[in-house]
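Here are the chains, one letter per residue:
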Amino acid sequence: MNLKKVFAFAAAGILTVSLLAGCGTGSGAKKTLTMGTESGFEPFEVKQGENVVGIDPDIATEIAKDLGMELKIEDMNFDGLVMALSSGKVDFVAAGMTIDPEKDVDFSESYFAATQVMLVKKDGSPVAGVYDVTADKKVGVQLGTTGDDAVTDNGIEPQRYEKFADAVMDLKNSKLDVIVMDSAPAAVFAKNNPELVVLDAPYGDIEEYGIAVKKGNKELLDSINKTIKRLKDSGKLDEIIAKYND
């Protein structure tokens, strides 16, 4: 091995140690990479027995593999994810989270485009379009989501839920008129509940999902972006998304 190779190998080793140290605390290389998520967001994450599966866990598995680490998933309420990231409880958040420069995190490159939509009862709904979502309607959202922000910004005080599944139950029981939520999980809820339907008109503009890391953790962010690029370029990202949208 010549000196040029020795120096290159040493530099790569220093970069790896730096990256792993950026993922957590403690001496030596960290072997576990912890993802924070909220499992009520199928097809991106859903509980299957004791495990959380879906688009985000599959992407996270690829990130951990590229780092030579073991993936651990922490399942918690959506509105607690940023705090868990800031406190170091998790290394990154993959939860169908919309890229938002106002959040106190750093976001990866986009890996999915979505819109907010309206989920209603198929028969007898008082909401037929976006202009029917008014202050006199019973509007459900998940706490801390883009849907929560969009509805509130329109001057409507929604009913906030920790889990979309609880909002769907109230919609089915006519305790809500409409739920404003992301398009992909709304489609899953409509598929699993034939009495519900997703309205054609979107509620707002297209938004992009990204993976969040603690502010300033450039090493981990760069690695995540590298994995996302690999998955996009190879077509594997499309395969992962299709796998959970059959």
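Criteria and thresholds
- Residues numbered from 1 in each chain as written.
- Predicted model: local features only at pLDDT ≥ 70, side-chain atom pairs only at ≥ 80, totals over all residues.
- Heavy atoms only, no water.
- Pairing = 2+ DSSP bridges.
- Helix = DSSP H or I, 4+ residues; strand = E, 2+ residues; numbered from the N terminus.
- pLDDT = per-residue confidence, 0-100.
- Contact = heavy atoms within 4.5 Å.
- Salt bridge = Lys/Arg side-chain N within 4 Å of Asp/Glu carboxyl O.
- Buried < 20%, exposed > 50% of the residue type's maximum accessible area, 1.4 Å probe, protein only.

## Concerning the sheet that holds strand 7 (residues 105–107)
So, step 1. Reading across the sheet, the 5 strands line up as 5-1-6-15-7 and stay open at both edges, with mixed pairing between neighbours. On the outer flanks of this sheet lie strand 5 (70–75) and strand 7, each paired with one strand and no other.
So, step 2. Where strand 1 (residues 32–37) and strand 6 (residues 92–93) come together, 2 bridges link them in parallel fashion. Paired with Met35 across the two strands is Phe92, which belongs to strand 6.

## Looking at the confidence of the model for the protein chain
So, step 1. Summing up the model confidence of the protein chain, the mean pLDDT is 90 and the portion of residues at 70 or higher is 88%.
So, step 2. Here residues 1–22 is modelled with pLDDT under 50, and outside its nearest four sequence neighbours on either side it reaches 11 contacts, counting other chains as well.

## Looking at the pattern of salt bridges
So, step 1. Counted under the stated rule, the structure contains 14 salt bridges.
So, step 2. Here Lys236 makes a salt bridge to Glu62, at a shortest N to O gap of 3.0 Å. Highlighted residues: Lys236 in helix 8 (residues 236–243) and Glu62 in helix 2 (residues 55–67), separated in sequence by 174 residues.
So, step 3. Residue classification places Lys236 among the partly exposed positions, given a relative accessible area of 29%.
So, step 4. Note that Asp66 is salt-bridged to Arg230, the shortest N-O span being 3.1 Å. With Asp66 in helix 2 and Arg230 in helix 7 (residues 218–234), this pair connects stretches of sequence that are 164 residues apart.

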